[in-house]
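Read off the chains here:
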Amino acid sequence: MLRFLLLKTLILPRRSNFTSPLVAGTPSAPSPVFLPVSSVFLLPHPLSPHSVSVSVCEELGVMDVVSNEQSDAAANAEAEAQPGEQQMSKRAQKKLLKQQRYEAKKAQKKAAEKEHKKREADRKRKEWDEKLSGVDEEERAKLFDARRGLRMERMEKRNEEKADKIERLAKAKEHGQNIVIDLEFAHLMSPNEINSLTQQITYCYAMNGRCSSPSHLWLTGCSGDMETQLQKIPGYPNWIIEKESRSYIEALHDRKDDLVYLTADSETMLDSLDPKKLYIVGGLVDRNRWKGITMNKATEQGIQTAKLPIGEYLKMSSSQVLTVNQVIEILLKFLETGDWKTSFFHVIPQRKRHEADLDVAQGGKEEVRMEM
């Protein structure tokens, strides 16, 4: 009732001054009456106080419905804005969707590989059964002996290769080139990027183990999510590699003068590898989000920096980003051949390069950003 009276007071003129619209042009005519459109169509003519009251009441009912809907919407918005129930931003939604797609694709790939292995095992088993079905007992015994001997030969060869690998890596620990992978950037990476870096480190260890003269690899700042992800790698606890939870500054504080951080932002060109130096590669998969971060870190710590002389031999035709395993492989290839050009052309994919004209001075100005 109070709302009705207030609305009536705001919309209608005083009853004593009310005049029909037929005489609205006379000097005593009040100001025009402003009513909602729906009310005007409901009013009979001539306008009377009773009809106005009925119309306003009807319109008030409509306004109550609208008001209730607005109140409900406001309540819902307020509920959604509660601290624990905030809606995700578009960026967060895209990130979550990307993660879900990655997980789905990973699961699909794993299932496909499992199915392929199963089909191959079934095919080989079928071939073996067919082979045995067409021979007598004596020939069958010979086939079993040959198969057993082949397996033993393969196992012996694998064991020899493993022993040789262990011996070479043990020697590298004493006399090999020291290469450090800095893992202190895990907090700047997404789970997908950490997983990508983990795979790159796996490639680095595998490549180093295949080298005739491997290097001595270090993992420093290996803790938190990075360490958790690395622990999932089969055989990781048995890797012949230095694993340090501390930073390289702490772990190698007595050799600080020998530390050299490899970064594309350095002004120093790396001519060769010094066996006494420890070359640091930044373990950062950043898609060029954190440009200059490794250079700034090395400068703040007061250690030397250098960059690979890629610009003297190549012009990058596409992305100027090298992964951690590509940088490590370039270093390993240079240790084997002593030739930078051979190392670059062996490692950098053809799609990302074309041969530079060594007579053109611009070739020396090319820089390649490394995910490190």
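From a predicted model like this one, the values you see are computed outputs, not experimental measurements.

Novice: Provide a residue-level description of the overall build of the protein chain, including the pertinent values.
Specialist: Counting secondary structure elements, the protein chain contains eleven helices and ten strands. A fraction of 73% describes how many contacts in the protein chain between residues 6 or more apart in sequence connect residues 24 or more apart. Roughly 24000 Å² of accessible area belongs to the protein chain as shown, and the carbon and sulfur atoms make up 52% of that amount.

Novice: An account of the packing of aromatic side chains is needed here, citing residue identities and associated values.
Specialist: On inspection of all chains with the given rule, the structure shows seven aromatic pairs. When the centroid spacing of 5.6 Å and the interplanar angle of 15° are considered together, the rings of tryptophan 340 and phenylalanine 344 count as stacked. With tryptophan 340 and phenylalanine 344 both in helix H11 (residues 340-347), this residue pair falls four residues apart, about one helical turn. Both residues of the pair, tryptophan 340 and phenylalanine 344, count as buried. The side chain of arginine 147 reaches across the aromatic face of tryptophan 128, ending 4.3 Å from its centre. The aromatic ring of tyrosine 236 is capped on one face by lysine 243, whose charged end is 4.1 Å from the ring centroid.

Novice: Describe in detail the environment of asparagine 238, supporting the description with residues and values.
Specialist: With respect to the secondary-structure elements, asparagine 238 resides in the loop between helix H7 (224-230) and strand S3 (242-243). Owing to a relative accessible area of 64%, asparagine 238 belongs among the exposed residues under this scheme. For asparagine 238, the contacting residues outside a window of four places in its chain are Tyr205 and Lys243.

Novice: Please set out H11 residue by residue, giving values where relevant.
Specialist: When H11 is considered as a whole, its buried residues turn out to be Trp340, Ser343, Phe344 and Val347. One side of H11 holds all its buried residues, which, seen down the axis, span an arc of 95°. Capping the start of H11, aspartate 339 holds a side-chain oxygen 3.3 Å from the backbone nitrogen of lysine 341, two or three residues further along.

Novice: Residues and numbers for the pattern of salt bridges, please.
Specialist: Applying the stated rule across the entire model yields 14 salt bridges. Close ionic contact of arginine 119 with glutamate 115 constitutes a salt bridge, the shortest N to O distance being 4.0 Å. Linking arginine 119 with glutamate 115, this pair stays in helix H4 (residues 90-133), spanning four residues, or about one helical turn. Residue classification places glutamate 115 among the partly exposed residues on the basis of a relative accessible area of 38%. Between lysine 297 and glutamate 184 there is a salt bridge, with its nearest N and O atoms 3.0 Å apart. In this pair, lysine 297 sits in helix H9 (residues 293-301) while glutamate 184 sits in the loop between strand S1 (178-182) and helix H6 (191-210), placing the two residues 113 residues apart along the sequence. Looking at glutamate 184, the relative accessible area reads 29%, which means it is partly exposed. Members of the salt-bridge network, linked through shared partners, are Glu120, Arg123 and Glu127.

Conventions and cut-offs
Residues numbered from 1 in each chain as written. Predicted model: local features only at pLDDT ≥ 70, side-chain atom pairs only at ≥ 80, totals over all residues. Heavy atoms only, no water. Helix = DSSP H or I, 4+ residues; strand = E, 2+ residues; numbered from the N terminus. Contact = heavy atoms within 4.5 Å. Areas by Shrake-Rupley, 256 points an atom, 1.4 Å probe, with all protein chains shown as cover. Phe/Tyr/Trp six-rings, centres within 6.5 Å; stacked < 30°, edge-to-face > 60°. Buried < 20%, exposed > 50% of the residue type's maximum accessible area, 1.4 Å probe, protein only. Lys NZ or Arg CZ within 6 Å of the ring centre and 35° of its normal. Arc of directions from axis to C-beta. Polar contact = N/O pair within 3.5 Å; in protein donor to acceptor, adjacent residues only side chain to side chain. Salt bridge = Lys/Arg side-chain N within 4 Å of Asp/Glu carboxyl O.

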